[in-house]
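Observations on the model geometry
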Amino acid sequence: MSDVVIRAPSPADAEALGALGRQTFIDTFVTGFGIPYPEDDLAAFLDASFSPEATAAKLTEPGAAWWVAERDGALLAFANAGPNTLPHRDASTSHAELRRLYVAKSAQGLGLGTKLLALSLDWMEANTDGPLWIGVWSGNLKAQKLYAMHGFEKAGEYQYPVGAWRDDEFILRRG
Ligand SMILES: CC(C)(COP(=O)(O)OP(=O)(O)OC[C@H]1O[C@@H](n2cnc3c(N)ncnc32)[C@H](O)[C@@H]1OP(=O)(O)O)[C@@H](O)C(=O)NCCC(=O)NCCS
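So, here is what we can say about the structure in this document.

Conventions adopted
Residues numbered from 1 in each chain as written. Predicted model: local features only at pLDDT ≥ 70, side-chain atom pairs only at ≥ 80, totals over all residues. Heavy atoms only, no water. Near = heavy atom within 4 Å. Polar contact = N/O pair within 3.5 Å; in protein donor to acceptor, adjacent residues only side chain to side chain. Areas by Shrake-Rupley, 256 points an atom, 1.4 Å probe, with all protein chains shown as cover. Helix = DSSP H or I, 4+ residues; strand = E, 2+ residues; numbered from the N terminus. Nonpolar A, V, L, I, M, F, W, Y, C, P; charged D, E, K, R; others polar. Contact = heavy atoms within 4.5 Å. Buried < 20%, exposed > 50% of the residue type's maximum accessible area, 1.4 Å probe, protein only. Arc of directions from axis to C-beta.

1. Notes on the site of the ligand
Val103, Gly111, Gly113, Thr114 and Asn140 are the nearest of the 20 residues found near the ligand. A distance of 2.8 Å separates an oxygen atom of the ligand from a polar atom in the backbone of Gly109. Relative to its unbound accessible area of 920 Å², the ligand is 71% covered by the protein chains. The biggest single contributor to the shell around the ligand is helix H5 (residues 141–149), with six residues. When the residues that make up the shell around the ligand are grouped by side-chain class, the tally is ten nonpolar, eight polar and two charged.

2. So, the environment of Asp47
By secondary structure assignment, the location of Asp47 is in helix H2 (residues 39–50). Excluding anything up to four places from it in sequence, Asp47 contacts Arg22 and Ala54.

3. Observations regarding H5
Those residues of H5 not exposed but buried are Ala143, Gln144, Leu146 and Tyr147. All buried residues of H5 project into a common sector of 160° when viewed along the axis, lining one side. Those residues of H5 that are exposed and aimed more than 90 degrees away from the buried face are Leu141, Lys142, Lys145 and Met149. Tucked inside the fold, the buried residues of H5 contact strand S4 (96–103), helix H4 (112–126), strand S5 (132–137) and strand S7 (165–174). Just downstream of H5 lies Gly151, where phi reads positive at about 90°.

Next comes the structure, spelled out in C-alpha cells:
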C-alpha cells in the first residue's frame, strides 16, 4: 500500500477516527464473530468508546500514543498504546499496553496491521519499565496469531465489559 500515509492523529481526526473504530468493532465482533451483545449494552459501549467526544478526550490522554493510516484523505486503520490498564498481578501502569489495533475491513490483509503493530511496539519498548501487554478477545485467532508472531504469550484471562455484558479475553505479555 504505497500511497498510505501513517501519521499521528490531530484533534480534527476525532470524528473520523471514532467512526472507524465503531464500524470496525461492529464488523469484527458483531457481524464477524457474532457475539450476541444485548442492544443497549452495545450502544452504550460504542458511544463511550467511539463517539466524537469520547475519541477527542482519549486523544488527549497523557502518556498515550496514537497512529492513523490514511489514504486519499480517508482513515483506514489506527493503533493506540499507553499505560497498562489490564488486570494482571504482574502488571503495573508503568508498563505499556496496546489498547487498540483496528484495520478497516476493506483494508485488512494488506500489511497495515503489521506495520502499525511494529510502530506501536517500538514506542511501547521505549515507554515501559517492564513487559508489554495486550488484551485480546479469546475467539480472535487472527489477532492472536499476529501477536504471537511478535513474541506475545498468553499470561492470563479477564472479562472485558461491553456495557453490562462481559467478553472473555486473554491477557498477552511480551518480555
Ligand atoms: C487483526 C488485524 C489488526 C490484522 O491486521 P491486518 O492488516 O488485517 O493484517 P496484516 O495484513 O498485517 O497480516 C498480519 C497477519 O495476520 C494474518 N492474517 C491476515 N489476513 C488474514 C485472514 N484473512 N485470515 C487469517 N489470518 C490473516 C496473517 O497471519 C498475517 O501474517 P502474514 O503476513 O504472515 O500472512 C486486523 O485484521 C483487524 O484490525 N481486525 C479487526 C479488529 C481486530 O481484531 N483487532 C485486534 C483486536 S485486539
